[in-house]
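One-letter residues, chain by chain:
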Amino acid sequence: TWHLKKIPQIVRERTFSLDSPKFEAKTKLELNSVCGIECQKNLPVPSLSDLKNLLSYETVFENGTRTLTEVSVLGAMLDPAGNTTTRRPSRKKRQIYGTDSRFSIYDKKFMTNFPFNTAVKISTGCSGILVSPKHVLTAAHCLHNGKDYVKGSKRLRVGLMKTKSRGNGRKRKGAKRRTSDGVPSFQWTRVKSTHIPKGWFKGVSGDIALDYDYAVLELKRPHKRKYMELGISPTIKMMPGSMIHFSGFDNDRSGQLVYRFCSISDESNDLFYQYCDAEPGSTGSGIYLRLKEPNKKKWKRKIIAVYSGHQWVDINGEQQDYNVAVRITPLKYAQICFWIHGNDENCTLG
């Protein structure tokens, strides 16, 4: 079953205008981790004033203007206990672990239907997922390197999948009929505004913090597709279905939607560490759980994390590598839900 949690409130206090960004940063699809698993588990519990600072957020609009919104956090449960973990043997650096277990989705019936049609392409080279009729969830580092917004994010666009047939459908006399198998193309939509938490800009070591590697894009025009529900990330032991799933546009399989699933290997309060096969390009994908609820035939799905990409992490003084995802905690759920709805009335239970 889904484990529901009481959600804290994010309340907007005041909004300031900031100077327009330069939009000169280079897009970097693979980050260097600043805090590994052991480091994460030893982090101090943030105070309420820390949370106010970390969850305040910048908004960039399509005309290049920028604001900073300060928030208050009400009803937050500060849990000092780290999560118990499962340890796996160390592995060599790579993003494909052993046999490549990814699936390319070719059939247009699957590609253009739920849940695969919720995957979108971001014009800076990442992936994302539809979370409302007008909003996309993705990774913050697809848009901002911790110091400045990346080139191309000023005129940011989101590509929604559609299928096109090869050839124009007409058959010339004597010509062989060309295949009409669906190959993905994209219907591109402009982004109206982008929200990034302030916690992304300055982490515990004065550098970017993976814990806050998430962002929400508001589209200029609503789409008419089914989108994915948000959920609270459970611990490994409490995870319905035990497997995580996500789809994205991996760079090494150009023009293909790539789906994968795997189990979680380790966790901290804010991150999942796993060996789901993935390549750059799938960064920003929405990681979801699926559960067949009692007495119901259909699968229920909820996004519980955002795929951040490959990371080196410190474990017992040694460097190991994982593919890392940012967990949607109750606080992050409250913030993302607030960005989507503009209030917290729709965000009381995750």
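Reference entry: report on the structure contained in this document. Every chain begins its residue count from 1, and numbering advances along the sequence as written. Note on the predicted model: pLDDT of at least 70 is required for a residue's local features to be given, and 80 or more for side-chain atom pairs to be given and counted; whole-chain, interface and lining totals, by contrast, use all residues. The side-chain figures draw on all heavy atoms in the structure; neither hydrogens nor water molecules are used.

1. Topic: the side chain of His 223
Put simply, the test is: Helix and strand labels come from DSSP, where a helix needs a run of H or I of at least four residues and a strand needs a run of E of at least two; each type is numbered from the N terminus. Exposure is judged per residue with a 1.4 Å probe applied to protein chains only, and the accessible area is read against the type maximum: over 50% gives exposed, under 20% gives buried, and values in between give partly exposed. We call two N or O atoms a polar contact when they sit within 3.5 Å, provided that within protein one can donate a hydrogen and the other can accept it, with sequence-adjacent residues counted only if both atoms are side-chain atoms. For this analysis, residues touch if any pair of their heavy atoms sits within 4.5 Å.
One can find His 223 in the loop between β10 (215-219) and β11 (229-230). Judged by relative accessible area, His 223 falls into the buried class, the value being 10%. Looking at His 223, its side chain comes within polar contact range of the main-chain oxygen of Ser 132, at 2.7 Å. There is a polar contact of 3.0 Å between the side chain of His 223 and the backbone nitrogen of Arg 225. With near-sequence residues (within four places) excluded, His 223 lies in contact with Leu 130, Ser 132, Pro 133, Lys 134 and Leu 160.

2. Digging into helix α4 (residues 330-341)
A turn of α-helix holds 3.6 residues, and therefore any two residues three or four places apart point the same way. The cut-off we apply is this: Helix span, expected: 1.5 Å multiplied by one less than the number of residues in the helix.
Here α4 is twelve residues long and its end C-alpha atoms lie 16 Å apart, about the 16 Å a rise of 1.5 Å per residue gives. Taking burial as the measure, the twelve residues of α4 include ten buried ones, the bulk of the element. Buried within α4 we find Leu 331, Lys 332, Tyr 333, Ala 334, Gln 335, Ile 336, Cys 337, Phe 338, Trp 339 and Ile 340. Once α4 ends, the next one or two residues include Gly 342, with phi positive near 80°.

3. Structural notes on helix α2 (residues 48-55)
For clarity, the threshold we go by: Each direction from the helix axis to a C-beta atom contributes to the arc, which is the arc of those directions.
When we look at burial in α2, the residues that qualify are Leu 51, Leu 54 and Leu 55. Relative to the axis of α2, the buried residues are bounded by an arc of 85° and lie together on one face.

4. Regarding the pattern of salt bridges
The line we're drawing: A pairing counts as a salt bridge when a side-chain nitrogen of Lys or Arg comes within 4 Å of a carboxyl oxygen of Asp or Glu.
Summed over all chains, the structure comprises nine salt bridges. The partner of Lys 192 in a salt bridge is Glu 218, and the shortest N-O contact between them spans 4.0 Å. Taken together, the residues span a long stretch of sequence, with Lys 192 in strand β9 (residues 183-197) and Glu 218 in strand β10 at a distance of 26 residues. Residue class for Glu 218 comes out buried when judged on its relative accessible area of 18%. Ionic pairing is found between Asp 270 and Lys 332, a salt bridge with its closest N-O pair at 2.8 Å. Of the two residues, Asp 270 sits in the loop between β14 (264-267) and β15 (271-274) while Lys 332 sits in helix α4, which places them 62 residues apart along the sequence. Take Asp 270: its relative accessible area is 17%, and that puts it in the buried class. Owing to a relative accessible area of 2%, Lys 332 belongs among the buried residues under this scheme.

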